Amino acid sequence: DTGVSQDPRHKITKRGQNVTFRCDPISEHNRLYWYRQTLGQGPEFLTYFQNEAQLEKSRLLSDRFSAERPKGSFSTLEIQRTEQGDSAMYLCASSLAGTAYEQYFGPGTRLTVT
Amino acid sequence: DAKTTQPPSMDCAEGRAANLPCNHSTISGNEYVYWYRQIHSQGPQYIIHGLKNNETNEMASLIITEDRKSSTLILPHATLRDTAVYYCIVRPGAGSYQLTFGKGTKLSVIP
């Protein structure tokens, strides 16, 4: 399968712990996006990368959140000092530069903060 | 950004056409309409997009009114696998690539 993959698929953590998620985009896609989705809501944009450069960040991305895409391939999203409000599905998507709105989504990482 | 309005839910009989409406009365002249869907426990899936002309692909057809204030996504022969939340999205202005999802329409295809 050559789609977008995310790891882990599920993560349970205690409040105050740090967590890191990984996203592997479709190999030829140079744009990568992170979204967050809570129950009953549509996904909300967090940030996006073109190659290794982080070009846009949402106000939702507080200081506790950081994302990297060190070599323009896979990306990581880290949440420090997790809070119960961080419980959500974290979705990664990728696209080609010329078709930025045709984004291909991964299955997501479901985070539960207890 | 132009806002979209969709009904929260719709039912459709299996094998019949599903017509999903979307209002986007504040859309600008250079903004596209995109449709995505999200099947339970999966990430969203791109379906189709258009600017002013009607569009068709292997998944669906998109009909945009002449004044561009509304559109309809048509699934010509709905199957049980089409049960999902369907999102109508208006592309923001130049320089931003984020997709702004609303709550979408929950389509239930009934046997």
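Residues numbered from 1 in each chain as written. Chains lettered and ligands numbered in written order. Predicted model: local features only at pLDDT ≥ 70, side-chain atom pairs only at ≥ 80, totals over all residues. Heavy atoms only, no water.

Describing the pattern of salt bridges
All names here are of chain A. What the rule picks out here adds up to four salt bridges over all chains. We note a salt bridge from Asp 24 to Arg 22, for which the minimum N-O separation is 2.7 Å. Salt bridges sharing common partners tie together Arg 64, Glu 83 and Asp 86. (Salt bridge = Lys/Arg side-chain N within 4 Å of Asp/Glu carboxyl O.)

Section: the interface of chain B and chain A
With 20 residues of chain B at the contact, the number on the chain A side is 20 residues. In total, about 1700 Å² of surface goes out of reach between chain B and chain A, with carbon and sulfur atoms giving 55% of it. Seen at the junction of chain B and chain A, the total is zero salt bridges. In this assembly, chain B and chain A are joined by six residue pairs in polar contact (both at pLDDT 80 or more). (Contact = heavy atoms within 4.5 Å. Buried area = accessible area lost by both parts, 1.4 Å probe. Polar contact = N/O pair within 3.5 Å; in protein donor to acceptor, adjacent residues only side chain to side chain.)

Focus: the side chain of Ser94(A)
Residues and elements named next belong to chain A. Topologically, Ser 94 is positioned in strand 9 (residues 88-95). What makes Ser 94 buried here is its relative accessible area of 0%. Of note is the side chain of Ser 94, whose polar atom sits 3.4 Å from the backbone nitrogen of Ile 26. Each residue touching Ser 94, except ones within four places of it in the same chain, is listed here: Val 4, Pro 25, Ile 26, His 29, Arg 31, Leu 32, Tyr 33, Glu 102, Gln 103 and Tyr 104. (Helix = DSSP H or I, 4+ residues; strand = E, 2+ residues; numbered from the N terminus. Buried < 20%, exposed > 50% of the residue type's maximum accessible area, 1.4 Å probe, protein only.)

Considerations on the state of the cysteines
All chains considered together, the criterion is met by two disulfides over all chains. Covalent S-S linkage joins Cys23(A) and Cys92(A), the inter-sulfur distance amounting to 1.8 Å. Disulfide Cys23(A) to Cys92(A): torsion about the S-S bond roughly -70°, handedness left-handed. Here the residue Cys23(A) occupies a position in strand 3 (residues 19-24), and Cys92(A) occupies one in strand 9, the gap between them amounting to 69 residues. Between the sulfur of Cys22(B) and that of Cys88(B) lies a disulfide, 2.1 Å long from S to S. Negative torsions about the S-S bond denote left-handed disulfides, and the value of about -80° found for Cys22(B) with Cys88(B) makes this one left-handed. With Cys22(B) in strand 2 (residues 18-23) and Cys88(B) in strand 8 (residues 84-90), this pair connects stretches of sequence that are 66 residues apart. Across the pair, exposure class does not vary: Cys22(B) and Cys88(B) are buried alike. (Disulfide = S-S within 2.5 Å.)

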